[in-house]
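Here is what each chain is made of, one letter per residue.
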Amino acid sequence: QVQLGESGGGLVQSGGSLRLSCAASGRFVSIHTMGWYRQAPGKQRELVATISNSGSTTYADSVHGRFTISRDSAKNMVYLQMHSLKLEDTAVYYCTAQVFEFTLSHAYDYWGQGTQVTVSS
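**Q** Can you tell me about the nonpolar core, naming the residues and giving the values?
**A** Among soluble globular proteins, nonpolar side chains are generally buried collectively. Counting 31 residues, the largest nonpolar core has Trp-36, Val-48, Phe-67, Val-78, Leu-80, Met-82 and Tyr-93 as its most contacted members. Of all the secondary structure elements, the ones that give two or more residues to this core are β3 (18-25), β4 (30-39), β5 (46-51), β7 (67-72), β8 (77-82), β9 (91-100) and β11 (115-120). With five residues, the single largest contributor to this core is β9. Filtering out sequence-adjacent residues up to four positions away, Met-82 remains in contact with Gly-16, Ser-17, Leu-18, Leu-20, Arg-66, Phe-67, Tyr-93 and Val-117.

**Q** Please provide a residue-by-residue account of the environment of Ser-7, values included.
**A** Relative to the helices and strands, Ser-7 is located in strand β1 (residues 3-7). In the structure, Ser-7 is positioned 39 residues away from Glu-46 in sequence and 19 Å away in space, judged by C-alpha atoms. Once you skip the residues sitting within four places of it in the chain, Ser-7 turns out to touch Arg-19, Leu-20 and Ser-21.

**Q** Give me the side chain of Ser-21: which residues, what numbers.
**A** Residue position: Ser-21 is located in strand β3. According to the relative accessible area criterion, Ser-21 is buried, its value standing at 14%. Setting aside its immediate chain neighbours within four residues, Ser-21 contacts Gly-5, Glu-6, Ser-7, Trp-36, Met-77, Val-78 and Tyr-79.

How each quantity is defined
Residues numbered from 1 in each chain as written. Predicted model: local features only at pLDDT ≥ 70, side-chain atom pairs only at ≥ 80, totals over all residues. Heavy atoms only, no water. Core = buried A, V, L, I, M, F, W, Y, C linked by side-chain atoms within 4.5 Å. Buried < 20%, exposed > 50% of the residue type's maximum accessible area, 1.4 Å probe, protein only. Helix = DSSP H or I, 4+ residues; strand = E, 2+ residues; numbered from the N terminus. Contact = heavy atoms within 4.5 Å.

Right, dumping it as structure tokens:
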């Protein structure tokens, strides 16, 4: 069984910075894409950023230029560096990974439990 564990959330003032981390553990062959989603109260879960195993990245327009996603494939970790945080960035942030658990022919999607990020004025 693959598990994803997030850390680094918390309370920060508007304009501040936070760094989220996510570690994948368990038995698997490799990980393809890793990413971050977020869900604010009363809203649908939305994509924040993704990074492939080749390093290609995508960002939501709302965070482009403020957030940076990176990964350490040797440690099976993904990070989200967040700068210039805004009130609207307040949400539960979820780590996700496409994991080749048994073979390289099929990847399974895994999600972490989420970590709360609260931006105050």
